[in-house]
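Reading the structure
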Amino acid sequence: MVRNIDLISSCPNCNRKHSESNKSKISLISSKGKYSTVHIICGSCKVPMLVLISKGPVGLVSLGMMVDLDENETKTFISETPVSVDEVIEVHKALKLNKFNEQPKYSQSKEKIQGPKAK
Ligand SMILES: [Zn+2]
C-alpha cells in the first residue's frame, strides 16, 4: 500500500526521487489502523526521515520529518513512546498553526492544541 504514494517518493531535503536505483531505503515501520509509519533513507543525501501516512476522508495524507534515527532506532522509538501517531499529527498541526508556544498539554488534551477554530 505504501509504494504508490507520490508524497513520499521524493526527498524533502534534496528533492531527488527516492528509487531503488539511487539506493534509497524504504522500510515500513508500523501500520496500525489507518496510520502507517515509514522510514526512508534518501539514497542521494542519506538523510533519514520518518513519514507518517494517514488515510483520511480526502485520501492519503502524509507528513514527513527528518529524523536522526536509523530504521531499528525508529522501531524502538515508535514502540516505546507513549505518543501515538495521532498525537504526532496533532503536534504537527499545532506547529503549523504556531500554537506551540502554549502550554505543552498536547499529550493530555489534543483538543486544546487544535482548538475549536481549527476547522
Ligand atoms: Zn535526499
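Procedures and definitions
Residues numbered from 1 in each chain as written. Predicted model: local features only at pLDDT ≥ 70, side-chain atom pairs only at ≥ 80, totals over all residues. Heavy atoms only, no water. Helix = DSSP H or I, 4+ residues; strand = E, 2+ residues; numbered from the N terminus. Polar contact = N/O pair within 3.5 Å; in protein donor to acceptor, adjacent residues only side chain to side chain. Contact = heavy atoms within 4.5 Å. 1 Å grid on protein atoms, 1.4 Å probe; cavity = no way out; pocket = protein on both sides within 12 Å on 5 of 7 lines; lining within 4 Å. Points joined across faces, edges and corners; volume = space filled by probe spheres on them. Nonpolar A, V, L, I, M, F, W, Y, C, P; charged D, E, K, R; others polar. Donors = N, O, S within 2.8 Å, 3.2 Å for Na, K, Ca; no water. Tetrahedral: all angles 85-135°; square planar, octahedral: opposite > 155°, others 65-115°.

**A word on the side chain of Asn22**
Tracing the backbone shows Asn22 in the segment before β1 (25–32). Reaching out from Asn22, the side chain makes a polar contact with the side chain of Ser24 at a distance of 2.8 Å. Only 3.2 Å separates the side chain of Asn22 from the side chain of Ser44, close enough to count as a polar contact. The residues contacting Asn22, other than those within four sequence positions of it, are Lys17, Gly43 and Ser44.

**Quick word on the layout of surface pockets**
Size it by volume and the second largest pocket reaches roughly 350 Å³. Those elements giving two or more residues to the lining of the second largest pocket turn out to be β3 (48–56), β4 (59–66) and α2 (85–96). With six residues, the single largest contributor to the lining of the second largest pocket is α2. Residue composition of the lining of the second largest pocket, grouped by class: seven nonpolar, four polar and six charged.

**Description of the coordination of the zinc ion**
Each donor-metal-donor angle in an ideal tetrahedron of four donors is 109.5 degrees, and each such angle in an ideal octahedron of six donors is either 90 or 180 degrees. Only Cys11 (SG), Cys14 (SG), Cys42 (SG) and Cys45 (SG) from the protein coordinate the zinc ion, and they sit 2.2 to 2.3 Å from it. Coordination at the zinc ion is tetrahedral: its four donor atoms span angles of 106 to 118° at the metal. Mapping the donors of the zinc ion onto the primary sequence yields the spacing C-x2-C-x27-C-x2-C. You can see Cys11 sitting in the segment before β1 and its partner Cys45 sitting in the loop between β2 (35–41) and β3, a full 34 residues away along the chain.

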